[in-house]
Amino acid sequence: MQLNASHTLHMAREALDIEASALLTMKDRLDDRFVQAAALILGASGRVVVTGMGKSGHVGTKIAATLASTGTPAMFMHPGEASHGDLGMIQAGDVVLGLSNSGESDELVAILPVIKRLGVPLIAMTGGLQSSLARHANVVLDTGVAKEACPLNLAPTASTTAQMAMGDALAVALLDARGFKPEDFARSHPGGSLGRRLLTHVSDIMRKGSEVPRVAPEASFTELMQEMSRKGLGATSVVNAQGQVLGIFTDGDLRRLIEKGQDLRQLKASDVMHANPRTLRDDALAAEAADLMEAHRITSVLVVNAQGELVGAINTNDLMRAKVI
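Quick notes on the rules
Residues numbered from 1 in each chain as written. Predicted model: local features only at pLDDT ≥ 70, side-chain atom pairs only at ≥ 80, totals over all residues. Heavy atoms only, no water. Helix = DSSP H or I, 4+ residues; strand = E, 2+ residues; numbered from the N terminus. Rg over C-alpha atoms; globule rule 2.2 N^0.38 Å. Buried < 20%, exposed > 50% of the residue type's maximum accessible area, 1.4 Å probe, protein only. Contact = heavy atoms within 4.5 Å. Areas by Shrake-Rupley, 256 points an atom, 1.4 Å probe, with all protein chains shown as cover. Lys, Arg positive; Asp, Glu negative; His and termini not counted. Charge placed at Lys NZ, Arg CZ, Asp CG, Glu CD. Pairing = 2+ DSSP bridges. Axes fitted to C-alpha atoms, helices over the stretch in contact; angles between N-to-C directions. Polar contact = N/O pair within 3.5 Å; in protein donor to acceptor, adjacent residues only side chain to side chain. Salt bridge = Lys/Arg side-chain N within 4 Å of Asp/Glu carboxyl O.

**Comments concerning the overall build of the protein chain**
And then number 1: Tallying secondary structure elements over the protein chain gives 15 helices and 12 strands in all.
And then number 2: In terms of overall size, the protein chain is more extended than a compact globule, its C-alpha atoms giving a radius of gyration of 30 Å where 325 residues would be expected to give roughly 20 Å.
And then number 3: Each principal axis of the C-alpha distribution contributes one length, and for the protein chain these read about 90 × 55 × 35 Å.
And then number 4: Here the protein chain, with 325 residues, has 42% of them falling under the buried criterion.
And then number 5: Contacts in the protein chain between residues far apart in sequence, at least 24 positions, make up 63% of those at least 6 positions apart.
And then number 6: Carbon together with sulfur atoms contributes 53% to the accessible area of the protein chain, which is approximately 17,000 Å² in total.
And then number 7: Each charge class in the protein chain can be summarised by its mean position, and for the 31 positive and 35 negative side chains these summaries are 3 Å apart.

**Brief notes about the sheet that holds strand S3 (residues 95-99)**
And then number 1: Strand order in the open sheet formed by five strands is S2-S1-S3-S4-S5, with parallel pairing between adjacent strands. Edge strands, defined here as strands with exactly one partner in the open sheet, are strand S2 (74-76) and strand S5 (139-142). The mean inter-strand angle of the sheet, taken between neighbouring strand axes irrespective of direction, is 20°.
And then number 2: Taken together, the four bridges between S3 and strand S4 (residues 122-126) define a ladder with parallel strand orientation. What sits directly across from Leu99, in S4, is Met125.

**Observations regarding the side chain of Ser300**
And then number 1: Mapping Ser300 onto the fold places it in strand S11 (residues 300-304).
And then number 2: Take Ser300: its relative accessible area is 12%, and that puts it in the buried class.
And then number 3: A polar contact of 3.4 Å, which involves the side chain of Ser300, links it to the backbone oxygen of Leu233.

**Overview of the pattern of salt bridges**
Pairing is possible between side chains that carry opposite charge, provided their charged atoms lie close to one another.
And then number 1: Overall, the coordinates contain 10 salt bridges when judged by the stated rule.
And then number 2: One salt bridge in this structure joins Asp94 and Arg47, with 3.1 Å as the shortest N-O distance. Of this pair, Asp94 sits in the loop between helix H4 (79-82) and S3 while Arg47 sits in the loop between helix H2 (32-42) and strand S1 (48-52); the two residues are 47 residues apart in sequence, bridging distant segments of the chain.
And then number 3: Lys231 is the salt-bridge partner of Glu227, the closest N and O atoms lying 2.7 Å from each other. Highlighted residues: Glu227 and Lys231, both in helix H11 (residues 221-231), separated by four residues, approximately one helical turn.

This is the structure:
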């Protein structure tokens, strides 16, 4: 069995064309029923219980996950298991979202009368507008397609793409209506890179206490260099008696002094420091530290509290260890 390269590419492009056409056609059919479905979900005090059989069930699982991660509580209920006790998952205040391309999946049709008796709203996502699912539903979302991308017009392909896209459209409309923000998304994705960027604060990963290099303005150059070496940050702060930052001295500053040929032995910290350095508040996001370092091409930033007192320091290595960058 061998592939014909040109025919393989032709089949792939045709499948994508069919599915793209299905989505555009579905877009043109959107009407007030979509608004009604979104309003039912938005007004629900409970969850969206998504259900579907076979490939529609796989799509339903993804839709439930997308809704849950974007501010709409949701779960998936297998219609086959629903007849054996899982219907107890549905509570007052819930909304059921049923998926079936034909609208006649046996396992789903079997539980429709029970859902009706429970008195919870039912949203149907189907291509069978005269189907059992559609007749029982409060709102019907038309996800019908002219044909499947499968050359046999049998395997669910374009129809499941349409269901997936309609689910995404619902999730997007709902998150916008709820005023859902990136910070809200991060709270449901704390283990991901976005979660780390939006939930990790400078105070969580900065160096504190004795780990922070600091010298007084009258410190000798030798004392300054000893403090830099001990703390291993590649820089040291210069602070006054109240702990407020007066300046910073870095490895880069040292190289520039050497290039000028200055007699370093006679210098004090106040002579060589870079006055009024860039600082960050300890309640800033770690992502802000990363952006500041990148924008100004620096590798370390001093951290201050609301009173301007030095409370920490952070460098690119700290950000990398925390997987912020």
